[in-house]
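# Structural overview
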Amino acid sequence: RFPIDSVVEKLDRPDLKLRHCGIGDKGARALAETIKINNTIVSLDLTDNHLTAAGAEPLVNALVANKGIRAVDFSDNRLGVHSVTASDGQTIGALVRQLLAKNTSITDLCLRGNKIGDRDMALIAEGVVDNVTITRLDLSYNDIGVRGAQAIADMLAHGSADL
C-alpha cells in the first residue's frame, strides 16, 4: 500500500526524502504526477523502495518535465532486474539514457545497488557522454562486468560531463 499521508506531508520541502517507504512501482506512478508539477523539490531520495524499470518509467518522464530537481537517488532498488521492464519494453539503461538526454538540471544521479548489468551500463554511459550537467554519478554495487567497465571508461574518456 502506498504511504500517501507520509508523502503528502513532505511535498513542500526542497529535500524530498522517501527512503524505505515501500513505494513500489504503483506508488511511483502516483508520485510521478506530483513531481511533474512540483517546483519546490530540489533533491529526491527514493532509496530502497522496491522500484523496477516499470516504476522508473513514469518517474523518468516526470523528471524530464521537472527542471528544478538537481539530485536524484535511486539507490538500492531493483532497477536493473530484466524480468521487469517499462511499459514499452525499455530497460533501466534506456530510461536513464533518455533522462540524461532530455534533462539539463540534474547534476547528481545515484543508481547504486540496482543490479544494473553491462548492457544497461553501456546505455547509461552513452547518455552521460553528451550530458554536460551531471557532476556526480554513483554506479557502485551493480552487476558491472568487463563490457560495462569498458563503457564507463569510454564515457569518462569522451564525455562532456565534468565527472
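One can find the structure itself at the top, above this paragraph.
One numbering rule holds for all chains: residues counted from 1, following each sequence as written. For a predicted model such as this one, the threshold for reporting local features is a pLDDT of at least 70, and the threshold for listing and counting side-chain atom pairs is 80 or more; totals across whole chains, interfaces and linings nevertheless cover every residue. Heavy atoms throughout the structure, all of them, feed into the side-chain values; hydrogens and water do not.

### Focus: the packing of helix H3 (residues 53-65) against helix H4 (residues 92-102)
Packed helices, taken two at a time, are described by the angle between their axes plus the distance between the axes. We apply this condition: Only C-alpha atoms enter the line fits that serve as axes; for helices the fit covers just the stretch in contact. Angles between N-to-C directions range over 0 to 180 degrees. Going along the chain from the N terminus, every DSSP run of H or I of four or more residues is numbered as a helix, and every run of E of two or more is numbered as a strand. To sort the angles, those under 35 degrees are grouped as roughly parallel, those over 145 as roughly antiparallel, those from 65 to 115 as roughly perpendicular, and the leftovers as oblique. Any pair of residues with heavy atoms lying within 4.5 Å of one another is described as a contacting pair. Ten residue types, Ala, Val, Leu, Ile, Met, Phe, Trp, Tyr, Cys and Pro, are classed as nonpolar, four, Asp, Glu, Lys and Arg, as charged, and the remainder, Gly among them, as polar.
Across the interface, H3 lies against H4 with an axial gap of 10 Å and an inter-helix angle of 5°. Between H3 and H4, the crossing angle belongs to the class labelled roughly parallel. Of the residues in H4, those in contact with Ala53, Ala56, Glu57, Val60, Asn61, Leu63 and Val64 of H3 are Ile92, Leu95, Gln98, Leu99 and Lys102. For the contact of H3 with H4, the class distribution of residues is eight nonpolar, two polar and two charged.

### Remarks on helix H6 (residues 146-158)
At 3.6 residues per turn, the α-helix brings residues three or four places apart onto the same side. Selection criterion: How far a helix is expected to stretch is found by multiplying one less than its residue total by 1.5 Å. Using a 1.4 Å probe on the protein chains alone, a residue whose accessible area is under 20% of its type maximum counts as buried, one over 50% counts as exposed, and one in between counts as partly exposed. The arc in question is traced by the directions running from the helix axis to the C-beta atoms.
Here H6 is 13 residues long and its end C-alpha atoms lie 18 Å apart, about the 18 Å a rise of 1.5 Å per residue gives. The complete set of buried residues in H6 reads Gly148, Ala151, Ile152 and Met155. Projected down its long axis, H6 shows its buried positions confined to an angular sector of 100°, all on one face. Away from its buried face by more than 90 degrees, H6 exposes Val146, Arg147, Ala157 and His158.

### Here we look at unusual backbone geometry
Despite not being glycine, His20 shows a phi value in the positive range, around 55°. Relative to the helices and strands, His20 is located in the loop between strand S1 (15-17) and helix H2 (24-37). Not every positive phi belongs to a glycine, and Tyr141 is a case in point at roughly 55°. The topology assignment puts Tyr141 in the loop between strand S5 (136-138) and H6. Look at Tyr141 and you get exposed, because its relative accessible area is 62%.

### A word on the pattern of salt bridges
Side chains that differ in charge, positive against negative, can pair when their charged atoms come close. Quick reminder of the rule: Every case where a carboxyl oxygen of Asp or Glu lies within 4 Å of a side-chain nitrogen of Lys or Arg is listed as a salt bridge.
The full count for this structure, using the stated rule, is five salt bridges. For Glu33, the salt bridge goes to Lys36, with nearest N and O atoms at 3.3 Å. Note that Glu33 and Lys36 are positioned in helix H2 at a spacing of three residues, about one turn of the helix. For Glu33, a relative accessible area of 47% puts it in the partly exposed group. Since its relative accessible area comes to 35%, Lys36 is described here as partly exposed. Two residues, Asp108 and Arg136, come together in a salt bridge whose shortest N-O distance is 2.7 Å. With a gap of 28 residues between them, Asp108 in strand S4 (residues 108-110) and Arg136 in strand S5 connect regions that are remote in the sequence. Given the relative accessible area of 21%, Asp108 is considered partly exposed. Shared partners join several salt bridges into a network, and the residues in it are Asp108, Arg136 and Asp138.

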